[in-house]
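# Residue-level structure breakdown
Below, each chain spelled out in residue letters.
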Amino acid sequence: MINDVEGLISVMEMDRPENHGLSSKSLLAFFTQIKQLNLKLNSFILMQSGKATSKFYRDPYRPGTPQLLFSLSKSFTSLAIGIACDEGLLDLRDKVISFFPDNLPPVISDNLAEMTIHHLLSMNAGHNYNIYGSVAEQTDWVKAYLAMEVEHKPGTYYRYSTHSTYMLSAILERVTGQKLTEYLMPRLFMPLGISSASWETCPLGVVAGGMGLSIPTEGIAKFGQMLLDKGIFNGQRIVSEKYISLATSLQSDTSRDEERIDFSQGYGYQFFLCRDGCYMGNGGYGQLCFVSPKHQVVIAATSSFSSMKQLQTMLDLVYEHILMQIDMDIHFEDGEQKTDLDQHLLKVANPFIPALSEPSPIRLDDLRFSFRANKQGLTELHFAASGNEFQFKLFFGEQSVKTYPFNFSTINHSIDHFVKDLETHDQEVVTQACWIDCNQLSLTLIYIETPYVITYSVCFYDHKIELKCTHNVSFGFDAYELIGVQV
């Protein structure tokens, strides 16, 4: 899914970090630690005083490709509510039940009756437990949300809730008659130069709000710059400074049961407050929009972290090697530090391509294997080869066939229908093949619009294969092993 990058990033000016008080030596120390700690950082943009002073893309991730934001989507929903308030369509004190008279439970509790837009924004709606599963399993998410028990008086108990953000999206759609994406396109996305925004929906078609937004990393950086500039981008007022102040100020206490320091400083309106006056929006597996008003810094990043503890590790590195180093290095070495940084990034930018192994004596042309009944529903596997190129086909009964092109000489780009957050989509997948030894074939599928990497290992022996499927993150995927018999 190739995008027109030119129009997207044309207003993002580049500059040297040294011109903004930060040495390339400090950035080199940051990226060296990222590599040494094996943090799977896929893309990274550092903005200083409105200019991009460092960009990094780990191959095959590249500029302009939409990235699934997971819960970083929440921060964009917050801005939609702020804009609607600026337009007089909403008030933060509006009661949630007032928007859904047709979805109310038979008995409306006092706590539910008191719940407002402010409480949804600040994750203080009053639920004691994580209600995600109970709501997501239903078709009508609004009805399911309003039917949940509200154990606490709204405003008194913080509970992070993706479906509270969903309710904000549903409210906006009720008030404007537009889906959240449609509402934001002329008001936020287009002014930021983001023309390829897409957002997943609930089963009834309401934009999910709390998850499911996909935009390029450059769009995250511009969003952060707009926040840093108190609601203005390229001279255009996007949202009021008053709302930005509310959204990035303490609204809820997040310290209960929270060990990660930059998640325990408090919560605004869909933003976590961090150390030293910083704040962030973040999403699963390390998606990040980080803003430091004190240092005039914005960081946009996408990642494939195995846990959100790794995001805290990266934030620690940001403070140590970037924020704390600004204006500390008085004398910069002319040119040499920048060259060292560029050479380091060039070396680590291409981690997926191992040295090509010697060809195996096994011929992949027209090999077919069948499997006994299994919970994956996989019935057959076919190989069809021509020179260095071959196709890897997975048959799921008679109804579904997955075909992946591979090339032993290079990576291959194709389109696959695969899951993102809530739904499956046609999206770009990069494939890579390599013989581990003369009997073991490794096939890697990198879904570059998400953090997901799927690896198939095929071991050939005695007219059989052992097929192993593994993944780098655990979002709804099951690893499995199957034995196939040649047919």
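One structure accompanies this document, and this report is about it. (Residues numbered from 1 in each chain as written. Predicted model: local features only at pLDDT ≥ 70, side-chain atom pairs only at ≥ 80, totals over all residues. Heavy atoms only, no water.)

### Section: unusual backbone geometry
Put simply, D59 and P60 share a cis peptide bond, and its omega is 15°. Mapped onto the secondary structure, P60 falls in the loop between β2 (51-57) and β3 (67-68). Of note in this structure, M123 is not a glycine but carries a positive phi near 55°. Here M123 lies in the loop between α5 (117-121) and α6 (132-136). Overall, the relative accessible area of 1% leaves M123 in the buried class. (Helix = DSSP H or I, 4+ residues; strand = E, 2+ residues; numbered from the N terminus. Buried < 20%, exposed > 50% of the residue type's maximum accessible area, 1.4 Å probe, protein only.)

### Overview of the pairing of strand β20 (residues 464-471)
Judged from the eight bridges that link them, strand β19 (residues 453-461) and β20 form a sheet pairing that is antiparallel. The partner of F460 across the bridge, within β20, is I465. Adjacent in sequence and paired antiparallel, β19 and β20 are bridged by two residues, among which D462 carries a positive phi angle near 45°. (Pairing = 2+ DSSP bridges.)

### Quick word on the packing of aromatic side chains
Inspection of every chain in the model, using the stated rule, returns 30 aromatic pairs. With a centroid separation of 3.8 Å and 20° between ring planes, the pair formed by F76 and F223 is classed as stacked. With F76 in helix α3 (residues 73-86) and F223 in helix α10 (residues 217-228), the pair connects residues that are 147 residues apart, well separated along the chain. In this structure F76 comes out as buried when scored by relative accessible area, which is 0%. Cluster of aromatic residues (ring-pair linked, three or more members): F369, F383, F390, F392, F406, F408, W435, Y456 and F460. Above the face of the F263 ring, R260 is positioned so that its terminal group lies 3.8 Å from the ring centre. (Phe/Tyr/Trp six-rings, centres within 6.5 Å; stacked < 30°, edge-to-face > 60°. Lys NZ or Arg CZ within 6 Å of the ring centre and 35° of its normal.)

### Describing the pattern of salt bridges
Two side chains with opposite charge may pair up if their charged atoms get near one another. All told, the structure shown has 16 salt bridges when counted by the stated rule. With its nearest N and O atoms 4.0 Å apart, the salt bridge here joins E13 to K51. With E13 in the loop between α1 (5-9) and α2 (24-36) and K51 in strand β2, this pair connects stretches of sequence that are 38 residues apart. Of the charged contacts in the structure, one is a salt bridge between E18 and R16, with a shortest N-O distance of 3.5 Å. For E18, a relative accessible area of 11% gives the class buried. Several salt bridges converge on common partners, so that one network encompasses D262, R275 and D316. (Salt bridge = Lys/Arg side-chain N within 4 Å of Asp/Glu carboxyl O.)

### What to know about the sheet that holds strand β14 (residues 389-396)
Taken in spatial order, the ten strands of this open sheet run β15-β14-β13-β12-β21-β20-β19-β18-β17-β16, and their pairing is antiparallel. Strand pairing shows two members of the sheet lacking a second neighbour, β15 (400-407) and β16 (412-419), which therefore form its edges. Averaged over all adjacent pairs, the angle separating strand axes in this sheet is 25°, with direction ignored. Where β20 lies against strand β21 (residues 480-486), six bridges are found, and the strand directions are antiparallel. Across the sheet, K468 pairs through a bridge with E481, a residue of β21. (Axes fitted to C-alpha atoms, helices over the stretch in contact; angles between N-to-C directions.)

Nothing here speaks to function; it is geometry throughout.
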